[in-house]
Amino acid sequence: MTYARFSIAVVGLWAVCSTGILGQPASRIWGGEDALNFEFPFAASVRLDQAHICGGTIIGTKHILTAAHCVVEKEKVISPKRLSVRVGSTNQFAAGKLVDVESVIVNPNYSGVKNNLAVLILETKLEWTSRIRGISLPTVDDEFPAAGTKVVVAGWGKQLNSDSAFKLNSYRFTVATEEVCKDAYSELDSSEFCMAHGLQEGSCNGDAGNGAVVFNRLFGVTNFVVGACGSRYPDVFTNVTHYVPWLESIVGDDF
């Protein structure tokens, strides 16, 4: 599928661009820095058959928010028996806590890159520690970050010069203007926003589902890149504020 005059690469389970399937995600975010042990306690590694596929964000003691395309294959939701999450560790291969997934709730309006959210319900509750802690959803009173706002996003997606890195990596994006976003992605609507990055930097395979947190609120979830990883076009994020009623209906008071 293409939008405007540019191709889209879905940076999750199956990354697709104009040249075909890019393959399974690995490694970490392009152009970032190693995250500190206690810096992103809400970050989760979403795993399929024990291997990292996407990022996720802890939004409750039993709830992880990620991108829907990470847990949907051939238009079917992947069996929760094949899914797990690792939390409380910057190492995607070890430490922290590995928790199995009990069920998966995909946004009922999910299609392609639209409404690209899913909630993973865990089999057991997480206990808050200095390395494991949920992040709050935005409220109706929270102002959306203005264009130019710096936003740090962390993930384990593919790295430009290495496929062997294993540590959580963070990158500082900049919220893009609507004009810049629509120049890259003409079908932008209120359920999405863009964040700019430097050349050969930004999101890549395995970064879908990463949380974009500002003012201690989860405002965005990594959706897709335009053209290819590290292109001159901004990356597209799902606007979490658009989905707060749906998310609250699932999470309830689980925090």
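Coordinates for the structure precede this section.
Residues numbered from 1 in each chain as written. Predicted model: local features only at pLDDT ≥ 70, side-chain atom pairs only at ≥ 80, totals over all residues. Heavy atoms only, no water.

**Some words on the pairing of strand 17 (residues 211–214)**
Move 1: Side chains of strand 17 alternate between two faces, with Gly211 and Val213 and Ala212 and Val214 buried alike.
Move 2: Two strands pair when backbone bridges link them, and strand 17 and strand 18 (residues 217–226) are joined in this way by 4 bridges, in the antiparallel orientation. Considered in strand 18, the bridge of Gly211 is made with Val221.
Move 3: The turn linking strand 17 back onto strand 18 is made up of 2 residues, and Phe215 within it adopts a positive phi angle of 55°. (Buried < 20%, exposed > 50% of the residue type's maximum accessible area, 1.4 Å probe, protein only. Helix = DSSP H or I, 4+ residues; strand = E, 2+ residues; numbered from the N terminus. Pairing = 2+ DSSP bridges.)

**With respect to the environment of Lys97**
Move 1: In this structure, Lys97 sits in strand 12 (residues 97–106).
Move 2: Along the chain, Lys97 and Arg86 lie 11 residues apart, while their C-alpha atoms are 5.5 Å from each other.
Move 3: Beyond its immediate sequence surroundings of up to four residues, Lys97 is in contact with Val85, Arg86, Val87, Lys125 and Ile132. (Contact = heavy atoms within 4.5 Å.)

**A look at the environment of Val113**
Move 1: Relative to the helices and strands, Val113 resides in the loop between strand 12 and strand 13 (118–122).
Move 2: For Val113, a relative accessible area of 6% gives the class buried.
Move 3: Taking the C-alpha atoms as reference, Val113 lies 9.5 Å from Val236; in sequence the two are 123 residues apart.

**Quick notes on the state of the cysteines**
Move 1: By the definition in use, this model includes 3 disulfides.
Move 2: At a sulfur-sulfur separation of 2.1 Å, the disulfide partner of Cys54 is Cys70. One disulfide, between Cys54 and Cys70, carries an S-S torsion of -90° and so falls in the left-handed class. Here Cys54 is found in strand 7 (residues 51–60), whereas its partner Cys70 is found in the loop between strand 8 (63–66) and strand 9 (72–73), with 16 residues between them in sequence.
Move 3: For Cys54, a relative accessible area of 0% translates into the label buried.
Move 4: When its relative accessible area of 0% is taken as the criterion, Cys70 is described as buried.
Move 5: A sulfur-sulfur distance of 2.1 Å marks the disulfide that ties Cys204 to Cys229. Between Cys204 and Cys229, the S-S torsion sits near 85°, and that sign places the bridge as right-handed. Of this pair, Cys204 sits in the loop between strand 16 (192–196) and strand 17 while Cys229 sits in the loop between strand 18 and strand 19 (235–239), placing them 25 residues apart in sequence. (Disulfide = S-S within 2.5 Å.)

**Regarding the nonpolar core**
Move 1: Judged by nonpolar contacts, the single largest core of 26 residues is most densely connected at Val71, Val85 and Leu120.
Move 2: In this structure, Val71 is in contact with Lys76, Val77, Ile78, Leu83, Val104, Val106, Ala118 and Leu120, ignoring residues within four places of it in sequence. (Core = buried A, V, L, I, M, F, W, Y, C linked by side-chain atoms within 4.5 Å.)

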